[in-house]
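Chain by chain, the residues:
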Amino acid sequence: MNVSSATGNFYAQLAAVLNSDQSRSVVLCGNVYDLYEHGTDYVPLIPYLCEKSKTKGIIRLVYELNGPIRNLDNTERLRNAWIAWKAGLDYNTLLIKDMQKRRGGGEIERLGREFDQLLIEAIGNPTVALETLRQLTICSRSAHLNDSLLILIEAADMLLPAGNGDIASLNDRQLRRISIVQDWFSDPGFLNGSDSVVLVAESPSLIHPRIARLPQVLPVEIPSPTTEDRL
């Protein structure tokens, strides 16, 4: 298990990369399956990152295999921003329009259901999850959300497998996911924005080179603890 100095070093490096705008997309690699000291307990990497990254002005989203997209902060704020972005109207303006209708749920209710459904449809469907997360970063750059997104994606090597290094050995769903992330990370709007994505994988080489070798994708390595640390 990593001691606090070791975990602090890798997290400080990760924070420095994101806060200095060196990159908006990072592969967190190395000793990713260990436990990490948090207070008086040791926790897996994703819970550790979730606790360490809690910051005002940041909405943290987590996507884990076989799970939904989890919003750790202000779900309602992001939901309202999505509704306003999709409707092309300020949320308060949209609310007034809906209130003027005598019957029916109105646009807010319809788009709200769509937002909730997308988060649920991510369960067991990583292609939908990645496209939804990409869309959320586009929404974040609109005038409807003042917060930045920090997106944590576990097991990126399973979502975006390297295969043989080409595309011939991949199935259609894998190809679609690689295409989504390649377009996402190469989008000038994302590159110049304030949202960040952290892909977790044991090695960048396990992620398809069309993603891992993008010049804007930087690796941050978690070192293995020394024998002294383990003792």
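Note that the structure is predicted; figures quoted are calculated from it, not measured.

Rules used throughout
- Residues numbered from 1 in each chain as written.
- Predicted model: local features only at pLDDT ≥ 70, side-chain atom pairs only at ≥ 80, totals over all residues.
- Heavy atoms only, no water.
- Helix = DSSP H or I, 4+ residues; strand = E, 2+ residues; numbered from the N terminus.
- Contact = heavy atoms within 4.5 Å.
- Core = buried A, V, L, I, M, F, W, Y, C linked by side-chain atoms within 4.5 Å.
- Buried < 20%, exposed > 50% of the residue type's maximum accessible area, 1.4 Å probe, protein only.
- pLDDT = per-residue confidence, 0-100.
- Pairing = 2+ DSSP bridges.
- Axes fitted to C-alpha atoms, helices over the stretch in contact; angles between N-to-C directions.
- Phe/Tyr/Trp six-rings, centres within 6.5 Å; stacked < 30°, edge-to-face > 60°.
- Left-handed = near helix turned anticlockwise from the far one by under 90°.
- Nonpolar A, V, L, I, M, F, W, Y, C, P; charged D, E, K, R; others polar.
- Expected span 1.5 Å × (residues − 1).
- Arc of directions from axis to C-beta.

Asks: Explain the side chain of Gln-216 to me, please; I cannot follow it from the model alone.
Replies: By the secondary structure assignment, Gln-216 is in the loop between helix H10 (209-212) and strand E8 (217-222). Residues within four places of Gln-216 in sequence aside, it is in contact with Ser-23, Ser-25, Phe-185, Ser-186 and Leu-191.

Asks: How should the nonpolar core be read in this particular structure?
Replies: Inside soluble globular proteins, nonpolar side chains tend to come together where they are buried. By size, the foremost hydrophobic cluster in this structure holds 40 residues, and its most contacted members are Phe-185 and Leu-199. When residues no more than four places from it in sequence are discounted, the contact partners of Phe-185 are Ser-25, Phe-190, Leu-191, Val-197, Leu-199, Ile-211, Leu-214, Gln-216 and Val-217. If you look at the next biggest cluster of nonpolar residues, it comprises 23 residues, including Val-26, Leu-45, Val-62 and Leu-150.

Asks: Would you explain the confidence of the model for the chain in this entry?
Replies: Keep in mind that low pLDDT regions are not for reading the predicted coordinates in detail. Residue-level pLDDT values for the chain average 88, and 89% of them are 70 or greater. Ignoring residues within four places in sequence, the model shows residues 1-5, a span with pLDDT below 50, making 19 contacts including any to other chains.

Asks: When you look at the environment of Val-197 in this model, what are you seeing that I'm missing?
Replies: Checked against the element boundaries, Val-197 lands in strand E7 (residues 196-200). It is 9.2 Å that separates the C-alpha atoms of Val-197 and Leu-18, two residues lying 179 residues apart in sequence. For Val-197, the contacting residues outside a window of four places in its chain are Arg-24, Ser-25, Val-26, Ile-151, Ile-153, Trp-184, Phe-185 and Phe-190.

Asks: Which parts of the structure should I look at to understand the sheet that holds strand E4 (residues 58-63)?
Replies: Adjacent strands of a sheet form backbone hydrogen bonds with each other and so pair up, either parallel or antiparallel. Spatially, E5-E4-E6-E7-E1-E8 is the arrangement adopted by the six strands of the open sheet, whose pairing is mixed. Each edge of the sheet is formed by a strand with only one pairing partner; in this case those strands are strand E5 (69-71) and E8. Across the sheet, the mean angle separating the axes of adjacent strands is 20 degrees when strand polarity is ignored. As defined by bridge partners, strand E1 (residues 25-30) adjoins E8 across six bridges and the pair is classed as parallel. Across the sheet, the residue bridging to Val-27 is Pro-219, located in E8.

Asks: Would you mind showing me how to read the packing of aromatic side chains here?
Replies: In this description, a pair of aromatic rings is defined by centroid distance and the angle of the planes. Inspection of the entire model under this criterion finds nine aromatic pairs. Taken together through their ring pairs, the aromatic side chains of Phe-10, Tyr-11, Tyr-36 and Tyr-48 make up a single cluster.

Asks: For this particular structure, what's the right way to read the pairing of strand E6 (residues 148-153)?
Replies: In summary, the side chains of a regular strand alternate between the two faces of the sheet. Buried residues dominate E6, accounting for six of its six residues. Sheet topology note: the E4/E6 ladder contains six bridges and is parallel. Bridge pairing links Val-62 to Leu-152 in E6. Bridge analysis of E6 against E7 gives four bridges, and the strand direction is parallel.

Asks: Any chance you could explain the environment of Ser-186 here in plain terms?
Replies: Relative to the helices and strands, Ser-186 resides in helix H8 (residues 172-186). Take Ser-186: its relative accessible area is 33%, and that puts it in the partly exposed class. C-alpha separation for the pair Ser-186 and Ile-211, spaced 25 residues apart in sequence, amounts to 9.6 Å. Filtering out sequence-adjacent residues up to four positions away, Ser-186 remains in contact with Leu-191, Leu-214 and Gln-216.

Asks: Looking at this structure, I do not really get the packing of helix H3 (residues 75-87) against helix H5 (residues 106-121). What am I missing?
Replies: When two helices pack together, their arrangement is captured by the angle between the axes and the distance separating the axes. One way to put it is that H3 packs onto H5 with a least axis distance of 9 Å and a crossing angle of 120 degrees. The way H3 lies across H5 gives a crossing that is right-handed. Seen from H3, the contacting residues are Leu-78, Arg-79, Trp-82, Ile-83, Lys-86 and Ala-87; seen from H5, they are Glu-107, Ile-108, Leu-111, Gly-112, Arg-113, Glu-114, Phe-115, Asp-116 and Leu-118. Of the residues in the contact of H3 with H5, the class split is eight nonpolar, one polar and six charged.

Asks: It is not clear to me how H5 should be interpreted in this structure. Could you clarify?
Replies: Helical geometry: 3.6 residues make up each α-helical turn, so side chains three or four residues apart lie on a common side. Between the first and last C-alpha of H5 there are 23 Å, a value that for 16 residues agrees with the 22 Å anticipated at 1.5 Å per step. Those residues of H5 that sit buried are Ile-108, Leu-111, Gly-112, Phe-115, Leu-118 and Leu-119. On an axial view of H5, the arc spanned by its buried residues comes to 120 degrees, and they lie on one face.

Asks: Which parts of the structure should I look at to understand unusual backbone geometry?
Replies: Leaving glycine out, the prevailing phi sign among residues is negative, and the prevailing peptide bond configuration is trans. Despite not being glycine, Asp-21 shows a phi value in the positive range, around 65 degrees. Mapped onto the elements, Asp-21 comes out in the loop between helix H1 (4-19) and E1. Given a relative accessible area of 54%, Asp-21 falls into the exposed group.

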